[in-house]
Amino acid sequence: MRAEEKTRICPVERAGGLEHSFRRLLQNPRRILKPYVSQGMTVLDLGCGPGFFSLELASMLFDSGKVIASDVQEGMLDKVRQKIAGTAFESKIQLHRCREKSIGVTEQVDLILAFYMVHEVPNKDRLFGELKSILKQNGKIFIAEPSFRVPKQDFEETVEKAKSVGFKEIKRPKLLFSRSVVLVNPNHNHF
Ligand SMILES: C[S@@+](CC[C@H](N)C(=O)[O-])C[C@H]1O[C@@H](n2cnc3c(N)ncnc32)[C@H](O)[C@@H]1O
């Protein structure tokens, strides 16, 4: 596969495929994310697409905390915007438009979810450098990549790039059709 194909961005017209009811059975957001989410957190849903994870994340935070649903495509953010309009989610989900070369989130966050998005980013070193600067100490980053699109070797290279900025691998959750890893931003004061 050529480099441009590997990093091809999922078009807005294909967003429906990400929200299929069948997916909820295979990749239930609550089941996947429960060990990592707690009340009051600020969670960055990076490359949120139509918000398959964003809304569920917001409801897992209960009364406090928020989700920053971020995407490089305004069309994806529009889909999230339409879903939450006039609902209680409006006050818990903040929409953020990323630029192609920069996430642009400056707020410190407790958890970053990057589900099926990292392979779409051409410069992963820059991506992880930026994520390192906004993830709180002891904060976690959950990365999942589609195994039908991302070969094992490419995934391992991604994990190495994440580690090279200082993240530490803590878990390899088992997820259907996916390769996934959870890393932590270590608290150096504790060494
Ligand atoms: C395959 S979709 C996955 C959407 C969602 N995470 C899910 O699992 O349903 C990948 C998303 O990442 C977004 N994306 C790609 N590159 C990005 C970047 N550099 N910054 C922010 N979002 C990006 C795309 O626009 C697309 O909505």
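Everything below is about the structure shown above.
Model, not experiment: these values are computed from the prediction.

### Focus: the site of the ligand
- The full set close to the ligand counts 19 residues, and Arg23, Gly47, Asp71, Gln73 and Phe115 are the nearest of them.
- Between a nitrogen atom of the ligand and a main-chain N or O atom of glycine 47, the distance comes to 2.8 Å.
- One of the side-chain N or O atoms of aspartate 71 is found 2.5 Å from an oxygen atom in the ligand.
- Contact with the protein chains hides 96% of the accessible area of the ligand, taken as 600 Å² for the molecule alone.
- Here the shell around the ligand is built from residues that sort into 13 nonpolar, three polar and three charged.

### Let's talk about the pairing of strand β5 (residues 135–146)
- The sheet contact formed by strand β4 (residues 109–115) and β5 spans six bridges and is parallel. Its bridge partner being in β5, alanine 114 is matched across the sheet by isoleucine 143.
- Each parallel crossover has a hand, and for β4 linked through helix α6 (residues 124–134) to β5 it is right-handed.
- Here seven bridges tie β5 to strand β7 (residues 178–184), and the two strands are oriented antiparallel to one another. Bridge assignment links proline 146 to a residue of β7, and that residue is serine 178.

### Some remarks on the sheet that holds strand β2 (residues 66–71)
- Strand order in this open sheet of seven strands is β3-β2-β1-β4-β5-β7-β6, and the pairing throughout is mixed. Two strands bound the open sheet, and with one partner strand each, they are β3 (93–97) and β6 (168–171). On average, each strand axis in the sheet is tilted by 25° relative to the strand beside it, whichever way the strands run.
- Bridge count between β2 and β3: five bridges; the pairing is parallel. Across the sheet, aspartate 71 pairs through a bridge with arginine 97, a residue of β3.
- Its contacts with the sheet place helix α5 (residues 74–84) against β2 and β3, and it is angled at close to 165° to β3.
- Packing against the sheet, helix α7 (residues 152–164) makes contact with β5, β6 and β7, and its axis sits at approximately 10° to β7.

### Observations regarding the environment of glutamine 73
- Within the secondary structure, glutamine 73 sits in the loop between β2 and α5.
- Spatially, the C-alpha atom of glutamine 73 lies 7.1 Å from that of arginine 97, the residues being 24 residues apart in sequence.
- Setting aside residues up to four positions removed in sequence, glutamine 73 forms contacts with Ile9, Cys10, Pro11, Val12 and Arg97.
- A distance of 2.8 Å separates a polar atom in the side chain of glutamine 73 from the backbone oxygen of cysteine 10.

Reading the values: rules and limits
Residues numbered from 1 in each chain as written. Predicted model: local features only at pLDDT ≥ 70, side-chain atom pairs only at ≥ 80, totals over all residues. Heavy atoms only, no water. Near = heavy atom within 4 Å. Polar contact = N/O pair within 3.5 Å; in protein donor to acceptor, adjacent residues only side chain to side chain. Areas by Shrake-Rupley, 256 points an atom, 1.4 Å probe, with all protein chains shown as cover. Nonpolar A, V, L, I, M, F, W, Y, C, P; charged D, E, K, R; others polar. Pairing = 2+ DSSP bridges. Helix = DSSP H or I, 4+ residues; strand = E, 2+ residues; numbered from the N terminus. Right-handed = clockwise from strand over helix to strand, strands pointing away. Axes fitted to C-alpha atoms, helices over the stretch in contact; angles between N-to-C directions. Contact = heavy atoms within 4.5 Å.

Coordinates in, geometry out; function isn't part of it.
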